[in-house]
Amino acid sequence: MLEEARNRWHPIAAAYDLPYRHVFHGQLLGREFAVWRADDGYVNIWENRCLHRGVRLSIGINDGRELKCQYHGWRYSNRTAGCTYIPAHPADAPACTITNRTFPAAERYGLVWSSEEPLGELPDVAGLPAGKLLALRGIPVNAPADKVVEKLKAYRFQPSTALQGDGADVLVDAAQDFAVALHSRDGSAETHGVFFIQPVDSNRSVIRGVLDHDAEGVARIAILRHHNERLSRLRDEAEREAANVAAPAPIEPVYEKVSAELADMPELITHGRKAALRVTVARKWQAADGIAGFELRPIKGLLPTFQPGAHIDVHMPNGEVRQYSITNGPGETDSFTIGVKLERDSKGGSKCMHETVREGDVLAISEPRNNFPLRRDAIKTLFVAGGIGITPLLAMVQALKNQDLAHELHYFAQGEEHLAFSDRLRQLGGALVPHLGLTPEQTGAKLRELLSPYRNGMHVYICGPGPMLEAARRTAAEQGWPDSAVHFEYFKNTNKIDDSSSFEVALARSCVTLTVPAGKTIMQVMRENGIDVPSSCEQGACGTCVATVMEGEPDHQDVYLNDAEKQAGTKIMTCVSRARSARLVLDI
């Protein structure tokens, strides 16, 4: 019976066990679960262990959007259970494969239901109306589920409106492997109750009863006490009988093996721009003057986990591919929200999104990438946004606000009508400082004011138009900010690319040496020879195609690496950068 139970829905908690900002320790068929309700109402049921050291997540912290392990502070996102932050690696975005195992959840009849591998949806229960029901207190029993079912068939209780009596007729309406439906009648008073058995282990169960009518105040307390006393006596009888027979062996939970996707080497493909996801445009609106907002929802399943600063590739109906930052706050994983500015010199990307894409359209997008990760170990974090550059920083600010970490957002725009995503900005309170209608000279002066003096442990994140970005980076350097504390993201590379050189590139791990002729990039030559290279913008701005340089001198033509990284010469953007030396050796 217990083997068949793996494919059935079982109650794992009562709805009242899941108040906001709480984590409930659930148990089913020998397995432990961390069960928690996010602030958006979504019920998460996860395997009860942190992927780092196996510490129980049921003793973690539910902040309403993410679940934080109490041991080393790993954070996991609402809905997806993907890891969003690892304190020991504050400068890195966790790999998308760091995801806890999730289980299906359904909330009905005042109970929360789950299963290891359910066959079909949670079935309706005859006799329990759609109205307000009364879920009784769970009664744990040290006895097998089948023994508890037999005991419940003989359970006697009074109707809820006749608790003072003691002569009710109780009939068994139905009985199954893990449930008993009873009907109690005393004169004109009657109550229908269904008692579900939660199989915790082979020799442990929980009785979860539901009555067909709720009550309030003193009457409700009296009903709960009535059943608590009688079910406790039933439990004592069941445990005495179970103690007289040999206990069955405990259930050994089945743990998932590494998926084939992670265990096998992927097939070689000829390009790195993958669009693995299909989403529908659930909403399109004017987020600011010249900026359209898009809410993208999955056609089926859940969207992947993202971290603040992540972006997606959007494959458009006209064949263009563009990168847009995710503006969501932590735990908002039911959709991705992006902002698209209509560029005057658009080559078809922003123009297509503004004029062609409509609500209800289906788009292909990539999984989120994060080459602009947020550190959360700063004594204070400054954000400097210009125009559409607010989009990646907005996600970061919401994450720090959720954790009560010190931060300020300085938003430069031409006017109030150009401030994008006003609904999210309003939630930031005093952390938001708009700077409107400033001239380039005034902007430079304000940047000098904001970035001085530098204090050890501070970090600044900058995103916006190229000239403003350059001015902010230059000012930070003048004020003594180290390169490691200045983080930036360009939306495009405006440098003129010199591709007139020819050189050799040796791929150390592939044992291949290739010639890169004038007019072609390292990336193009590698793909022509069957070597897959991940990419996104393909113009040296996003950092997706970065490779490690083992020998040789790179000719950096990107806008992703900072000055210190370029001087070190240990990294190269294979989509635009070339070689000053006759030969490069890359760790590919």
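Preceding block: the structure.
First, a word on scope: everything that follows refers to the structure included in this document.

## Thoughts on the overall build of the chain
Broken down by element type, the chain carries 11 helices and 34 strands. When each of the 588 residues of the chain is scored for burial, the buried share is 52%. A sequence separation of at least 24 residues applies to 65% of the contacts in the chain between residues at least 6 apart. For the chain, the centre of its 65 positive side-chain charges and the centre of its 74 negative side-chain charges are spaced 2 Å apart.

## Comments concerning the sheet that holds strand E22 (residues 362-365)
Strand order in this open sheet of six strands is E20-E19-E22-E17-E18-E21, and the pairing throughout is antiparallel. The sheet is open, and its two edges are formed by strand E20 (321-325) and strand E21 (336-341), each paired on a single side. For this sheet the average axis-to-axis angle between neighbouring strands, irrespective of direction, equals 45°. Pairing between strand E19 (residues 311-315) and E20: five bridges, direction antiparallel. The residue bridging Val314 from the neighbouring strand is Arg322, located in E20.

## Observations regarding helix H3 (residues 217-243)
In this model, H3 (27 residues) spans 39 Å end to end at C-alpha, consistent with the 39 Å of a helix rising 1.5 Å per residue. Every buried residue belonging to H3 is among Ile223, His226, His227, Arg230, Leu231, Ser232, Leu234, Ala238 and Ala242, and all of these are buried. Packed against the buried residues of H3 are strand E11 (134-135), strand E12 (139-141), helix H2 (145-153), strand E15 (189-201) and strand E16 (204-211).

## Details of helix H6 (residues 390-402)
Its 13 residues place the ends of H6 18 Å apart at the C-alpha level, agreeing with the 18 Å of an ideal helix rising 1.5 Å per residue. Burial analysis of H6 places 11 of its 13 residues in the buried class, which makes it a mostly covered element. The set of residues buried in H6 consists of Ile390, Thr391, Pro392, Leu393, Leu394, Ala395, Met396, Val397, Gln398, Ala399 and Leu400. In the stretch just after H6, Asp404 is the one whose phi turns positive, near 55°.

## Here we look at the packing of aromatic side chains
This model, assessed by the stated rule, comprises 13 aromatic pairs. Look at Trp36 and Trp46: their rings are 5.3 Å apart centre to centre, the planes differ by 85°, and that puts the pair in the edge-to-face class. Taken together, the residues span a long stretch of sequence, with Trp36 in strand E3 (residues 31-37) and Trp46 in strand E4 (residues 43-47) at a distance of 10 residues. Among the aromatic residues, those joined into a ring-pair cluster are Trp36, Trp46 and Tyr76. The ring of Trp285 has Arg283 lying over it, and the distance from NZ or CZ to the ring centre is 3.8 Å.

## Observations concerning unusual backbone geometry
That bond from Ser452 to Pro453 is cis: its omega, -5°, falls within 30 degrees of zero. Structurally, Pro453 is set in the loop between helix H8 (440-450) and strand E26 (458-463). Notably, Arg21 is not glycine yet its phi reads approximately 70°, a positive angle. Mapped onto the fold, Arg21 is located in the loop between strand E1 (10-14) and strand E2 (23-28). Positive phi outside glycine occurs at Ala81, with the angle close to 65°. As for its position among the elements, Ala81 is in the loop between strand E7 (75-77) and strand E8 (83-85). Judged by its relative accessible area of 0%, Ala81 falls in the buried class.

## Topic: the nonpolar core
Residues Val35, Ile45, Leu152, Tyr155, Phe195, Ile207 and Leu231 are the most contacted members of the largest nonpolar core, which totals 39 residues. The dominant element in this core, judged by the number of residues it contributes, is H3, at five residues. Ignoring any residue separated from it by four or fewer positions in sequence, one finds Val35 in contact with Ile12, Leu18, His22, Val23, Phe24, Gly26, Val43, Asn44 and Ile45. Counting 27 residues, the second largest nonpolar core, distinct from the first, contains Leu393, Val397, Leu400 and Leu432.

## What about the pattern of salt bridges?
Pairs can form between side chains of opposite charge once their charged atoms are near each other. By the definition in use, this model includes 38 salt bridges. The salt bridge partner of Lys151 is Glu237, with a shortest N-O separation of 3.7 Å. Pair noted here: Lys151 is in helix H2 and Glu237 is in helix H3, with a separation of 86 residues, a long-range link. Classification of Glu237 as partly exposed rests on a relative accessible area of 37%.

## Focus on the sheet that holds E1
One open sheet holds the three strands; their spatial order is E1-E10-E9, and the pairing between them is antiparallel. Two strands bound the open sheet, and with one partner strand each, they are E1 and strand E9 (106-108). Within the sheet, the average angular offset between the axes of one strand and its neighbour, ignoring direction, is 35°. By the bridge criterion, three bridges tie E9 to strand E10 (residues 111-114) in an arrangement that is antiparallel. Residue pairing for E10: Ala106 is matched across the bridge by Trp113.

## Digging into the pairing of E22
Of the pairings in the sheet, the one linking strand E17 (residues 277-288) to E22 comprises four bridges and is antiparallel in character. Note that in E22 the partner of Thr280 across the bridge is Val362.

## Concerning the environment of Pro104
Note on placement: Pro104 falls in the loop between E8 and E9. By relative accessible area, Pro104 is classed as partly exposed at 29%. As for Pro104 and Asn44, which are separated by 60 residues in sequence, their C-alpha atoms are 8.2 Å apart. If sequence neighbours within four positions are ignored, Pro104 has contacts with Trp9, Ile45, Trp113, Ser114, Ser115 and Pro118.

## Structural notes on the pairing of E19
Taking burial as the measure, the five residues of E19 include five buried ones, the bulk of the element. Burial along E19 is two-sided: the face carrying His311, Asp313 and His315 and the face carrying Ile312 and Val314 are both buried. If you look at the hairpin formed by E19 and E20, you'll find five residues sitting between the two strands, and Gly319 has a positive phi there, around 90°. For E19 and E22, the ladder comprises two bridges, and the chain directions are antiparallel. Its bridge partner lying in E22, Val314 is registered against Ile365.

About the thresholds
- Residues numbered from 1 in each chain as written.
- Predicted model: local features only at pLDDT ≥ 70, side-chain atom pairs only at ≥ 80, totals over all residues.
- Heavy atoms only, no water.
- Helix = DSSP H or I, 4+ residues; strand = E, 2+ residues; numbered from the N terminus.
- Buried < 20%, exposed > 50% of the residue type's maximum accessible area, 1.4 Å probe, protein only.
- Contact = heavy atoms within 4.5 Å.
- Lys, Arg positive; Asp, Glu negative; His and termini not counted.
- Charge placed at Lys NZ, Arg CZ, Asp CG, Glu CD.
- Pairing = 2+ DSSP bridges.
- Axes fitted to C-alpha atoms, helices over the stretch in contact; angles between N-to-C directions.
- Expected span 1.5 Å × (residues − 1).
- Phe/Tyr/Trp six-rings, centres within 6.5 Å; stacked < 30°, edge-to-face > 60°.
- Lys NZ or Arg CZ within 6 Å of the ring centre and 35° of its normal.
- Core = buried A, V, L, I, M, F, W, Y, C linked by side-chain atoms within 4.5 Å.
- Salt bridge = Lys/Arg side-chain N within 4 Å of Asp/Glu carboxyl O.

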